[in-house]
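One letter stands for each residue in the lines below.
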Amino acid sequence: MSGKSLLLKVILLGDGGVGKSSLMNRYVTNKFDSQAFHTIGVEFLNRDLEVDGRFVTLQIWDTAGQERFKSLRTPFYRGADCCLLTFSVDDRQSFENLSNWQKEFIYYADVKDPEHFPFVVLGNKIDKLERQVSTEEARAWCMENGNYPYLETSAKDDTNVTVAFEEAVRQVLAVEEQLEHCMLGHTVDLHSSSKSGSSCC
Ligand SMILES: Nc1nc2c(ncn2[C@@H]2O[C@H](COP(=O)(O)OP(=O)(O)OP(=O)(O)O)[C@@H](O)[C@H]2O)c(=O)[nH]1
Ligand SMILES: [Mg+2]
C-alpha cells in the first residue's frame, strides 16, 4: 500500500438542473437541498478517500450546465483526470446532450487520447417515478461511446453517490497503472538486446 496521497481532479458536466451540485454536496457534506440554485461558473470541493489501498484527495469540480455560462466553465476543464458525464433519468434532453458534453470536454480539456480518457456516466434522480430514459438505453449509449461505466444515482436519497465517485477514482487509477506498465515495458526494452518490446501502448 502506498502512503502517498494522490490529488485527482474530477469534473462534473451535464445540463443545467440534472443534479451535479447536489451530487457533489451529497458526497462531500452529506446534505441535500431540494431548492438548490443554478451554479454560475464553477465551484470545487475536496474529499479524502481510500480506494483499493490508495489514498486519494479527490478535487471535485462542479460546473454550470446552463448554456449561457459556457465561457465561464470551459477554462476549468484542463487538467481533469476524469469526467463525470451527468444526466437526469427524468429528462430525456439531458441524456441526448451527453454527446455534446463529451465533445465539449475533449475539445476544451485538450484531451490527447480521447479513446482512453476515463469518462464515467451518471444517470441521476432515480428516486423519481417518471423516467424518460431507461437503464438499458443509457447502458447502450455508454457501450457505443467508449465502453464507459454507468451508474444510476440519487443525490436526494443518497443512492450510489459514494460508489460513483469511487468508480471515478478506480477509472483514473486503472489508466495510470496501464501507463506505468507501458513505461516499465519501454524501460526493459532499452536494456534488452531484443527488438520486440511491450505491445500494450
Ligand atoms: N428528486 C431529486 N431531485 C434532485 C436530485 N438531485 C438534484 N435534485 C434537484 O434538482 C434540482 C437541480 O439540482 P442541482 O444540483 O442544482 O443541478 P445542477 O446540475 O447543479 O444544475 P446547474 O448548476 O444549473 O448546472 C434541485 O432542485 C435539486 O434539489 C435527485 O437525485 N433527486
Ligand atoms: Mg449546479
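Bear in mind the structure is a predicted one, so any value in this text is a computation, not a measurement. Here the residue index of a chain counts from 1 through its sequence in written order. Written order determines the labels here, with chains lettered from A and ligands numbered from 1. Owing to the predicted nature of the model, reporting of local features is limited to residues with pLDDT of at least 70; listing and counting of side-chain atom pairs is limited to 80 or more, with chain, interface and lining totals taken over all residues. Each side-chain value is derived from all of the structure's non-hydrogen atoms; neither hydrogens nor water enter the calculation.

What follows deals with the pairing of strand 1 (residues 5-13). Here the term buried applies to any residue with accessible area under 20% of the maximum for its type, exposed to any over 50%, and partly exposed to those in between, with areas from a 1.4 Å probe on protein chains only. A helix here means a DSSP run of H or I that spans at least four residues, while a strand means a run of E at least two residues long, and both kinds are numbered starting from the N terminus. Counting buried positions along strand 1 gives seven out of nine residues, so the element sits mostly inside the fold. The criterion for strand pairing is that DSSP finds at least two bridges linking the strands in question. With eight bridges connecting them, strand 1 and strand 3 (residues 54-63) associate as parallel partners. Paired with S5 across the bridge in strand 3 is F55.

Looking now at the coordination of the magnesium ion (ligand 2). The coordination sphere of the magnesium ion (ligand 2), as far as protein atoms go, consists of S21 (OG) and T39 (OG1), spread over 2.0 Å. One end of the pair, S21, is in helix 1 (residues 20-29); the other, T39, is in the loop between helix 1 and strand 2 (42-51), with 18 residues separating them in the sequence. Residue classification places T39 among the buried positions, given a relative accessible area of 10%. In this description, a donor is an N, O or S atom within 2.8 Å of the metal centre, a cutoff extended to 3.2 Å for sodium, potassium and calcium. Water is not part of the atom list, which can make sites seem incomplete.

The next subject is helix 1. Side chains three or four residues apart in an α-helix point the same way, a direct result of the helix having 3.6 residues per turn. Summarising burial for helix 1: seven of the 10 residues are buried, a large majority. Of all the residues in helix 1, the buried ones are K20, S21, S22, L23, M24, R26 and Y27. Phi for N30, located one or two positions after helix 1, is positive at around 55°.

Turning our eyes to something else, we now look at the site of ligand 1. Here, proximity means that at least one heavy atom of the residue falls within 4 Å of the molecule or strand. Around ligand 1 lies a shell of 25 residues, among which K20, S22, H38, T39 and D127 are the nearest. In the environment of ligand 1, an oxygen atom lies 2.6 Å from a nitrogen or oxygen atom belonging to the side chain of S22. At a separation of 2.8 Å, an oxygen atom of ligand 1 approaches a polar backbone atom of A155. Alone, ligand 1 offers 650 Å² of accessible surface; in the complex the protein occludes 90% of this. Per-element accounting of the shell around ligand 1 gives the leading share, three residues, to helix 1. Grouping the amino acids of the shell around ligand 1 by side-chain chemistry returns six nonpolar, 12 polar and seven charged. Side-chain atoms alone can form a polar contact between residues adjacent in sequence; in general such a contact is a pair of N or O atoms within 3.5 Å, and within protein one must be able to donate a hydrogen while the other accepts it. The protein chains shown are the only cover counted for residues, whose accessible areas, like all others here, come from Shrake-Rupley with a 1.4 Å probe. In this classification, the charged set is Asp, Glu, Lys and Arg, the nonpolar set is Ala, Val, Leu, Ile, Met, Phe, Trp, Tyr, Cys and Pro, and all remaining amino acids, among them Gly, are polar.

One can find T74 in the loop between helix 2 (70-73) and strand 4 (82-88). For this analysis, residues touch if any pair of their heavy atoms sits within 4.5 Å. Setting aside chain neighbours within four positions, we find T74 in contact with E104 and Y108.

Any carboxyl oxygen of Asp or Glu within 4 Å of a side-chain nitrogen of Lys or Arg constitutes a salt bridge here. If you walk through the whole model with that rule in mind, you get nine salt bridges. One salt bridge in this structure joins K112 and D110, with 2.8 Å as the shortest N-O distance. Judged by its relative accessible area of 32%, D110 is partly exposed. Within this structure, R78, D110 and K112 form a network of salt bridges that share partners.

Turning our attention to the packing of aromatic side chains. Any two of the Phe, Tyr and Trp rings considered here, Trp counted by its six-membered ring, make a pair once their centres fall within 6.5 Å; the pair's planes then place it as stacked at under 30 degrees, edge-to-face at over 60, or tilted in between. Evaluation of the coordinates by the stated rule reveals 13 aromatic pairs. Ring geometry for F119 against Y148: centres 5.1 Å apart, planes inclined by 45°, an arrangement best described as tilted. Residue F119 is located in strand 5 (residues 119-124), and its partner Y148 is located in the loop between helix 5 (135-146) and strand 6 (150-152); the two are separated by 29 residues in the primary sequence. Here F119 matches Y148 in class, with each residue buried. Through pairs of rings, three or more aromatic residues link up here, namely Y77, F105, Y107, Y108, F117, F119, W141 and Y148. Taking the ring centre of W61 as reference, the NZ or CZ of K9 above it sits at 4.4 Å. Look at NZ for Lys and CZ for Arg. If either is within 6 Å of the ring centre and within 35 degrees of the ring normal, a charge sits over the ring.

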